[in-house]
Amino acid sequence: MKILKEIIDFSDSEHIRGHNDAVVLFDKLDLIKLNRLPWKLSQPLFALCLQGSASLKVNLQDYNIRRNELVTLMPEHIVHGYSCSEDFKGVFIVVSKKVSEELLPDITSALPILMDFRQTPVVTLSEEETASIMEYYEFIWRKIRTVRAHYANKQVNSMLLSVLYELLSIYKDHFSYGNFKRSRNEETFYSFYSMLEAEYRKERSVVYFANRLCISPKHLSMVVKKVSGRTASDWIDEYVVLEAKQMLRTTTLTVQEVSRELNFANQSFFGKYFKKHVGMSPSEYRQQGQ
């Protein structure tokens with residue numbers, strides 16, 4: 001099992017189930033072993049608190065998780081640490097990024113919900129919604145070891161698709177998306193957001209994204225601010241800075257190599273950019289975490 005093998009202990013077969021590299025289910029928080037922080041996810045992770053409480057820091061935001069609260073962590077989320085009460089109980093589902101992308105019914109129409117996954121990773125469920133998620137979890141838990149070889153992948157994918165639809169439905173209900181057509185400003189913002197996620201390692205210029213969208217930088221900034229409450233530059237800087245922090249704390253790349261990975265002209269420009277947004281140099285930030 002390759003999914004998250006660096007942070008999940010797969011030796012406790014009583015509390016974990018997995019199918020190929022598609023999905024992992026487990027019900028014991030101790031199976032997560034984070035040796036280095038921050039940790040950037042490479043695939044979706046869903047966690048449901050059933051008892052007790054937990055504290056989690058994601059993308060520099062602190063969250064207190066209690067009973068009936070669902071945590072949805074997406075690729076590119078950066079986890080800075082967690083703790084939990086002694087009586088904590090929960091269930092966890094990790095789906096490979098490839099499988100989740102294949103299963104999402106319509107990535108364009110689902111984008112607003114996926115953005116809420118990223119911006120609001122914790123949502124409080126009703127007792128009925130918690131029971132529904134647990135029904136899916138327990139069903140997959142039971143079936144995952146008995147699926148027949150010939151159609152195993154199709155069976156597992158079908159079960160996961162049902163879970164994804166349920167999660168999308170829950171978020172849609174909680175955030176009241178309704179069936180209204182998105183405005184032109186919202187369409188522009190979602191297009192910007194999609195491009196940013198794909199290209200923030202290469203591009204940091206509002207002008208670049210505006211040109212891609214065939215609008216002026218001023219108009220793009222106005223639209224992004226109006227829709228999200230934050231400027232386009234704020235969104236760009238957040239992605240770049242979080243990625244830089246993650247690389248400095250969790251890789252052995254030199255500061256110069258990190259600056260190259262993020263497409264800075266040289267290490268000096270990267271250092272000035274990082275210090276402007278973080279308040280210390282890349283080297284100081286790395287040493288602080290050791």
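Up top is the structure these notes are about.
Residues numbered from 1 in each chain as written. Predicted model: local features only at pLDDT ≥ 70, side-chain atom pairs only at ≥ 80, totals over all residues. Heavy atoms only, no water.

A.B. asks: An account of the overall build of the protein is requested, with residue identities and associated values reported.
C.D. replies: Helix and strand counts for the protein stand at 11 helices and 10 strands. For the protein, buried positions account for 47% of its 290 residues. Relative to all contacts within the protein whose residues are 6 or more apart in sequence, the contacts with residues 24 or more apart total 69%. When the accessible area of the protein is evaluated, it comes to approximately 15,300 Å², of which 48% is carbon and sulfur surface. (Helix = DSSP H or I, 4+ residues; strand = E, 2+ residues; numbered from the N terminus. Buried < 20%, exposed > 50% of the residue type's maximum accessible area, 1.4 Å probe, protein only. Contact = heavy atoms within 4.5 Å. Areas by Shrake-Rupley, 256 points an atom, 1.4 Å probe, with all protein chains shown as cover.)

A.B. asks: Explain empty space enclosed by the protein to me, and be specific about the residues and the numbers.
C.D. replies: Throughout the structure, instances matching the rule amount to 2 cavities of 30 Å³ or more. In this structure, the largest cavity is lined by 19 residues; those nearest its centre are Leu 29, Ala 47, Leu 56, Tyr 82 and Phe 92. For the lining of the largest cavity, the secondary-structure elements that each account for two or more residues are strand E4 (45-51), strand E5 (53-58), strand E7 (69-73) and strand E8 (78-84). With 4 residues, the top contributor of residues to the lining of the largest cavity is E4. Here the residues of the lining of the largest cavity are counted per class, giving 17 nonpolar, 2 polar and no charged. Of the volumes computed, that of the second largest cavity is approximately 60 Å³. (1 Å grid on protein atoms, 1.4 Å probe; cavity = no way out; pocket = protein on both sides within 12 Å on 5 of 7 lines; lining within 4 Å. Points joined across faces, edges and corners; volume = space filled by probe spheres on them. Nonpolar A, V, L, I, M, F, W, Y, C, P; charged D, E, K, R; others polar.)

A.B. asks: Go over the nonpolar core, please, and point to the residues and values.
C.D. replies: Membership of the largest hydrophobic core comes to 30 residues, with the highest contact counts inside it found for Phe 192, Leu 196, Trp 235, Leu 262 and Phe 270. For this core, the leading source of residues is helix H8 (residues 232-250), giving 9 residues. Leu 262 has contacts with Arg 201, Arg 204, Val 240, Glu 243, Ala 244, Met 247 and Phe 270, leaving out every residue within four places of it along the chain. Core analysis: the next-biggest nonpolar cluster, separate from the first, contains 28 residues, Phe 46, Leu 48, Ile 144 and Leu 167 among them. (Core = buried A, V, L, I, M, F, W, Y, C linked by side-chain atoms within 4.5 Å.)

A.B. asks: Residues and numbers for H8, please.
C.D. replies: Between its first and last C-alpha atoms H8 spans 27 Å; for 19 residues at 1.5 Å apiece the expected length is 27 Å, and the two agree. By the criterion of burial, H8 is predominantly enclosed, with 16 of the 19 residues buried. (Expected span 1.5 Å × (residues − 1).)

A.B. asks: Tell me what's going on with the sheet that holds strand E3 (residues 39-40), and back it up with residues and numbers.
C.D. replies: The strand order across the open sheet built from 4 strands is E3-E8-E5-E6, with neighbouring strands paired in antiparallel fashion. Since the sheet does not close on itself, it has two edges, and those belong to E3 and strand E6 (61-66), each with one partner. Against the sheet, H8 engages E3 and E8, with an angle of about 70° to E8. (Pairing = 2+ DSSP bridges. Axes fitted to C-alpha atoms, helices over the stretch in contact; angles between N-to-C directions.)

A.B. asks: Describe the packing of aromatic side chains, listing the residues and the values that go with them.
C.D. replies: Considering all chains together, one arrives at 14 aromatic pairs under this definition. Aromatic pair Tyr 137 and Trp 141: ring centres 5.9 Å apart, planes at 25°, arrangement stacked. Note that Tyr 137 and Trp 141 are positioned in helix H3 (residues 127-143) at a spacing of 4 residues, about one turn of the helix. There is no split in this pair, since Tyr 137 and Trp 141 are both buried. Judged by centre distance (5.9 Å) and plane angle (50°), the ring pair of Phe 270 and Phe 274 falls under tilted. (Phe/Tyr/Trp six-rings, centres within 6.5 Å; stacked < 30°, edge-to-face > 60°.)

A.B. asks: Quick one: what's the story with the pairing of E8, residue by residue and with numbers?
C.D. replies: For E3 and E8, the ladder comprises 2 bridges, and the chain directions are antiparallel. Looking at E8, one finds that Lys 40 is bridged to Ile 78. Sheet topology places E5 next to E8; 5 bridges connect them, and they run antiparallel. Bridged to Ala 54 within E8 is Cys 84.

A.B. asks: Provide a residue-level description of the packing of helix H5 (residues 184-199) against helix H7 (residues 217-228), including the pertinent values.
C.D. replies: One can describe the packing of H5 onto H7 by two numbers: an axis separation of 9 Å at closest approach and a directional angle of 100°. Compared by their axis directions, H5 and H7 come out roughly perpendicular. Residue-level inspection shows Asn 185, Glu 186, Thr 188, Phe 189 and Phe 192 of H5 in contact with H7, the latter providing Leu 220, Val 223, Val 224, Lys 226, Val 227 and Ser 228. Taken together, the residues of the contact of H5 with H7 break down into 6 nonpolar, 3 polar and 2 charged. (Parallel < 35°, antiparallel > 145°, perpendicular 65-115°, else oblique.)

A.B. asks: Break down the packing of H5 against H8 for me, citing the residues and quoting the values.
C.D. replies: Relative orientation of the contacting elements H5 and H8 amounts to 25°, with a least axis distance of 11 Å. One finds that H5 runs roughly parallel with respect to H8. Crossing angle aside, the handedness with which H5 passes H8 is right-handed. Listed contacts from H8 to Phe 189, Phe 192, Tyr 193, Leu 196 and Glu 197 of H5 are Ala 232, Trp 235, Ile 236 and Tyr 239. (Left-handed = near helix turned anticlockwise from the far one by under 90°.)

A.B. asks: Outline helix H10 (residues 267-278), supporting the account with residue identities and numerical values.
C.D. replies: In this model, H10 (12 residues) spans 16 Å end to end at C-alpha, consistent with the 16 Å of a helix rising 1.5 Å per residue. Listing the buried residues of H10 in full gives Phe 270, Gly 271, Tyr 273 and Phe 274. Seen end-on, H10 carries its buried residues on one side only, within an arc spanning 165°. Those residues of H10 that are exposed and angled more than 90 degrees off the buried face are Lys 272 and Lys 276. Check the buried side of H10 and you find it contacts H8, helix H9 (255-261) and helix H11 (282-288). A side-chain oxygen of the first residue of H10 lies 3.0 Å from the backbone nitrogen of Ser 268; this N-cap is Asn 266. Gly 279 sits one or two residues past H10 and shows a positive phi near 90°. (Arc of directions from axis to C-beta. Polar contact = N/O pair within 3.5 Å; in protein donor to acceptor, adjacent residues only side chain to side chain.)

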